[in-house]
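Here is what each chain is made of, one letter per residue.
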Amino acid sequence: MKDGRQPRGTENEIEFHPPISILKPLHGLDDHLYGNLESFCLQDYPEYEILCCFEDHNDPAYRVAQNIKNKFPQRSISLIVEGKDAGLNPKVSRLIPACQRAQYPYLLVSDSNVMVASDYLKQIIRPMQDPYTGLVTNLIRGVGAKTIGSLFENLHLNSFILGNVCFLKKFFNIPCVIGKSMLLRRGDLESIGGFEAFKDVLAEDHFIGERIKKRGQKVVLSSYMVNNVNEYWGLNKFLNRHLRWGKIRWKVMGYKYIFEVMINPVFLSFFSFIVEGPSSRVWMLIASVGFIKVAGDYYIGKKIDARLHPLGYLLSPVKDLLIGLIWFLSIANDTVVWRGRRLLIKENTVLSPCPKKGIWAWRYRVMDWTRSKLAW
């Protein structure tokens, strides 16, 4: 079939290797970028292409991608510089021209900080043998962590994010779409409006998955894990990232977002100060909760082979306290600063330019001034 669908049972798992177009939106020098891109050139897969997309030639990632292309002349690698003004979501803006240039019926969106093993393509394509599967996504494992910001990011990915994704899938059969690794057919994407329909949407991955499900197709969460490389993040980057993600979940979940703070026992344990004040019993409660959290995160880290230093898990309670504070901040305003531009987040995370004039503009100017003074 033209859109890449195969009738059920016509090919077995070993033989199902349709050609894939890998779309790589790139911006700046992410940690281990060269190695991340290289891992996609080492795939044990018969036919695929890699399309790296940029906003301009001066992006430092362009030179890295050019070096990768020179190293692997046998691979089909294209460098595309377009899409700067396509929409307010810069990632989707780069995906639009890449999708237009893609040759193959299967499209794989993969972020720049993702590193994969050589069997990645063979694994992610397997669920597509079922013609009723519309989208495949992967579990993400945070690796690296050579700074405090990176450590916090990987601890959060490997405990809270991974745990909630698995919980929703196992007990409610609700697969969460993770935009870092997302495979779908070109025909299915076009049927929901293409990437153009999401060019001004902050949570484009979530709503792509929602529209696929509304078509009566399955969204599959593969158990195959891919690495999210975070090595040299500063604390500011960690805080900004999760403040933005918190605002996304607030806009998507509405009042249900309130329950998210209820699954942060470390943060909640500190409220015992309000009830009872500082006492030996309160400190014992906080210490016990912290110990259980450290032990639980360490166990998960060993199970998924996160390769974090064992002492790093001792900071897991500190990370949870910061996440609790971010939870409150995420519902305090409806704007996001992305690539140096402040945007309003509306219903369904639709973005619009922040007003530059009028009384409401002063609110955001004060926020920007405060943010600059706090350095995040």
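In case you missed it, the structure is sitting above this.
Quantities reported herein were computed from a predicted structural model and do not represent experimental measurements.

Novice: Could you give an account of the packing of aromatic side chains, naming the residues involved and the relevant values?
Specialist: With the rule as written, the count across this model stands at 14 aromatic pairs. Ring geometry for Trp250 and Tyr257: centres 6.0 Å apart, planes at 55 degrees, overall tilted. In this structure Trp250 comes out as partly exposed when scored by relative accessible area, which is 29%. Residue Tyr257 is classed as buried on the basis of its relative accessible area, which comes to 1%. Seen from their ring centres, Tyr298 and Tyr313 are 5.4 Å apart, and the 90 degrees between their planes marks the pair as edge-to-face. Here Tyr313 lies in the loop between helix H11 (280-303) and helix H12 (316-330) and Tyr298 lies in helix H11, a separation of 15 residues in the sequence. A relative accessible area of 4% places Tyr313 in the buried class.

Novice: Any details on the nonpolar core? Residues and values, ideally.
Specialist: With 56 residues, the main nonpolar core has Ile20, Tyr120 and Leu183 as its most contacted residues. In contact with Tyr120, other than residues within four places in its own chain, are Phe40, Gln43, Leu108, Asn138, Ser181, Tyr224 and Val226. Counting 34 residues, the second-largest nonpolar core is a separate cluster that includes Ala98, Cys99, Val109 and Leu343.

Novice: Give a description of the sheet that holds strand E4 (residues 106-110) that names residues and reports values.
Specialist: Pairing within the open sheet is mixed, and its 8 strands lie in the order E3-E2-E1-E4-E7-E6-E8-E5. What marks the edges here is a single partner per strand, and that holds for strand E3 (76-81) and strand E5 (114-115). Relative to strand E7 (residues 181-185), E4 runs antiparallel, the two being bridged by 5 bridges. Bridging across to E7, Leu108 finds its partner in Leu183. Lying on the sheet, helix H2 (residues 60-71) is in contact with strand E2 (48-54) and E3; it crosses E3 at an angle near 160 degrees.

Novice: How would you summarise a nonpolar patch on the surface if you had to cite specific residues and measurements?
Specialist: Together, Phe271, Ile274, Val275, Phe328 and Ile331 give the surface a local cluster of nonpolar side chains, amounting to about 500 Å² of exposed area. With respect to the secondary-structure elements, Phe328 resides in helix H12. For Phe328, a relative accessible area of 40% gives the class partly exposed.

Novice: Please provide a residue-by-residue account of the packing of helix H8 (residues 235-253) against H12, values included.
Specialist: The geometry of H8 relative to H12 is characterised by a closest axis approach of 9 Å and an angle of 50 degrees between their N-to-C directions. With respect to their mutual orientation, H8 and H12 come out oblique. Judged by the sense of rotation from one axis to the other, the crossing of H8 with H12 is right-handed. Counting all contacts with H8, which are made through Leu235, Phe238, Leu239, His242, Leu243, Gly246, Lys247 and Trp250, the residues of H12 involved are Lys319, Leu322, Ile323, Ile326, Leu329 and Ser330. By residue class, the composition of the contact of H8 with H12 is 9 nonpolar, 3 polar and 2 charged.

Novice: Quick one: what's the story with the pairing of E3, residue by residue and with numbers?
Specialist: Sheet analysis places E2 next to E3, joined by 6 bridges and oriented parallel. Counterpart to Ile50 in the pairing with E3 is Ile77. Tracing the backbone out of E2, into H2 and back to the parallel element E3 gives a crossover that is right-handed.

Novice: Please set out the side chain of Ser93 residue by residue, giving values where relevant.
Specialist: Tracing the chain through its elements places Ser93 in helix H3 (residues 90-101). Of the polar contacts made by the side chain of Ser93, one reaches the backbone oxygen of Asn89; its length is 2.9 Å.

Definitions and limits used
- Residues numbered from 1 in each chain as written.
- Predicted model: local features only at pLDDT ≥ 70, side-chain atom pairs only at ≥ 80, totals over all residues.
- Heavy atoms only, no water.
- Phe/Tyr/Trp six-rings, centres within 6.5 Å; stacked < 30°, edge-to-face > 60°.
- Buried < 20%, exposed > 50% of the residue type's maximum accessible area, 1.4 Å probe, protein only.
- Helix = DSSP H or I, 4+ residues; strand = E, 2+ residues; numbered from the N terminus.
- Core = buried A, V, L, I, M, F, W, Y, C linked by side-chain atoms within 4.5 Å.
- Contact = heavy atoms within 4.5 Å.
- Pairing = 2+ DSSP bridges.
- Axes fitted to C-alpha atoms, helices over the stretch in contact; angles between N-to-C directions.
- Patch = residues over 30% accessible without salt bridge, like charges linked within 9 Å, V, L, I, M, F, W, Y side chains within 5 Å.
- Areas by Shrake-Rupley, 256 points an atom, 1.4 Å probe, with all protein chains shown as cover.
- Salt bridge = Lys/Arg side-chain N within 4 Å of Asp/Glu carboxyl O.
- Parallel < 35°, antiparallel > 145°, perpendicular 65-115°, else oblique.
- Left-handed = near helix turned anticlockwise from the far one by under 90°.
- Nonpolar A, V, L, I, M, F, W, Y, C, P; charged D, E, K, R; others polar.
- Right-handed = clockwise from strand over helix to strand, strands pointing away.
- Polar contact = N/O pair within 3.5 Å; in protein donor to acceptor, adjacent residues only side chain to side chain.

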